[in-house]
Amino acid sequence: MADLRDQAKAKPGTLSFASFGNGTSAHLSGEMLKLQMGLDIVHVPYKGQGPALTDLLGGQVTMMFGNWPEFRGHVEGGKLVALGMATAQRSQYAPNIPTLAEQGVAIESNSWNGLLAPAGTPDAVVQRVNAEVNRALAGPVVTEAFRKGGIASLSGSPERFAVFVQSEIAKYGEKFLFALNRDAEVQRRYAEGGDTRKALLGGYDLSDEEREAIDSGDVGKLYVLGCNGQLLMHFAPLLGIPWADYLEAMREGVRKYGPVRAGIYAMTTGTDEKVAGV
């Protein structure tokens, strides 16, 4: 990662990162890398991981975030170099590859698959299917197939999975900020303020702290609560906050409210440390 930083700093705008397309996890992870490390790297979107990986192998792009099972053979064969895992802990299938967080870049981006049933499915059926899936995941055939593919399994209850899915969909104030950054009608209602803004915020599952911070435009408080820095970066202009002042607002939030409590910066941002890698 140090070499990447040095190269990008030496030649701004010349390095590039591929993604599976605009708005995909690979795209957002790359943008977070740019933000945290303060790099000028060009995003090159593709229509799927296959074409992106082909151009990465061919040297048409510099780097990309992707799924380990698809990259594993190329890394082990010496065709690609793994800079780091975007996971909370090192992968059991690649223990020698450090996480990005170990290298000072707190990005966690996991691709996952789960089994869902239609709403209204009897609980007895849900519990029976859950038990059978857990049994299959623990069996030797699936365990060996996952091992060969470099895939980690996570068994558990339907309730645990529901909590996980909900946390992925809307944690903290990010769901509202995501809509605010993209929906002109949401922007209009927010800008109108007063009862219109309060009614708008009432339609989102926000904590009292989140609602108060969004209502008042407190970027620093939202940052400390764990909101994604990229979402805040787009929120700031709607408040009329210039780029330099937006960064200072995040720093002031850490000084005023303490270290980041959750989200991708929680592991690395202390009251005396850098904000969003700046």
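Scroll up for the structure.
Quick caveat: nothing in here was measured; it's all calculated off a predicted structure.

What counts, and at which threshold
- Residues numbered from 1 in each chain as written.
- Predicted model: local features only at pLDDT ≥ 70, side-chain atom pairs only at ≥ 80, totals over all residues.
- Heavy atoms only, no water.
- Phe/Tyr/Trp six-rings, centres within 6.5 Å; stacked < 30°, edge-to-face > 60°.
- Lys NZ or Arg CZ within 6 Å of the ring centre and 35° of its normal.
- Salt bridge = Lys/Arg side-chain N within 4 Å of Asp/Glu carboxyl O.
- Helix = DSSP H or I, 4+ residues; strand = E, 2+ residues; numbered from the N terminus.
- Buried < 20%, exposed > 50% of the residue type's maximum accessible area, 1.4 Å probe, protein only.
- Axes fitted to C-alpha atoms, helices over the stretch in contact; angles between N-to-C directions.
- Parallel < 35°, antiparallel > 145°, perpendicular 65-115°, else oblique.
- Left-handed = near helix turned anticlockwise from the far one by under 90°.
- Contact = heavy atoms within 4.5 Å.
- Nonpolar A, V, L, I, M, F, W, Y, C, P; charged D, E, K, R; others polar.

### Here we look at the packing of aromatic side chains
Both the distance between ring centres and the angle between the ring planes are used here to describe each pair of aromatic rings. Across all of its chains, the model carries 0 aromatic pairs by this definition. Lying over the aromatic face of Tyr257, Lys221 brings its terminal NZ or CZ to 4.6 Å of the ring centre.

### Description of the pattern of salt bridges
In total, this model carries 13 salt bridges according to the counting rule given. Ionic pairing is found between Glu209 and Lys221, a salt bridge with its closest N-O pair at 3.5 Å. With Glu209 in helix H11 (residues 208-216) and Lys221 in helix H12 (residues 219-225), this residue pair connects regions lying 12 residues apart in the sequence. The class of Lys221 is buried, set by a relative accessible area of 11%.

### Regarding the packing of helix H3 (residues 49-57) against helix H4 (residues 68-76)
With their axes 12 Å apart at the nearest point, H3 and H4 run at an angle of 20 degrees to one another. One finds that H3 runs roughly parallel with respect to H4. Like other packed secondary-structure pairs, H3 and H4 cross with a definite hand, here right-handed. Across from Gln49, Leu53 and Leu57 in H3, the residues of H4 making contact are Glu70, Phe71 and His74. Here the residues of the contact of H3 with H4 are counted per class, giving 3 nonpolar, 2 polar and 1 charged.

### What to know about the packing of helix H9 (residues 184-192) against helix H10 (residues 194-202)
Relative orientation of the contacting elements H9 and H10 amounts to 130 degrees, with a least axis distance of 6 Å. Here H9 is positioned oblique relative to H10, judged by the angle of their axes. Residues Val186, Arg189, Tyr190, Ala191 and Glu192 of H9 form the contact with H10, whose own contacting residues are Gly194, Thr196, Arg197, Ala199 and Leu200. Its residues placed into classes, the contact of H9 with H10 shows 5 nonpolar, 2 polar and 3 charged.

That's the geometry; what it means functionally is another story.
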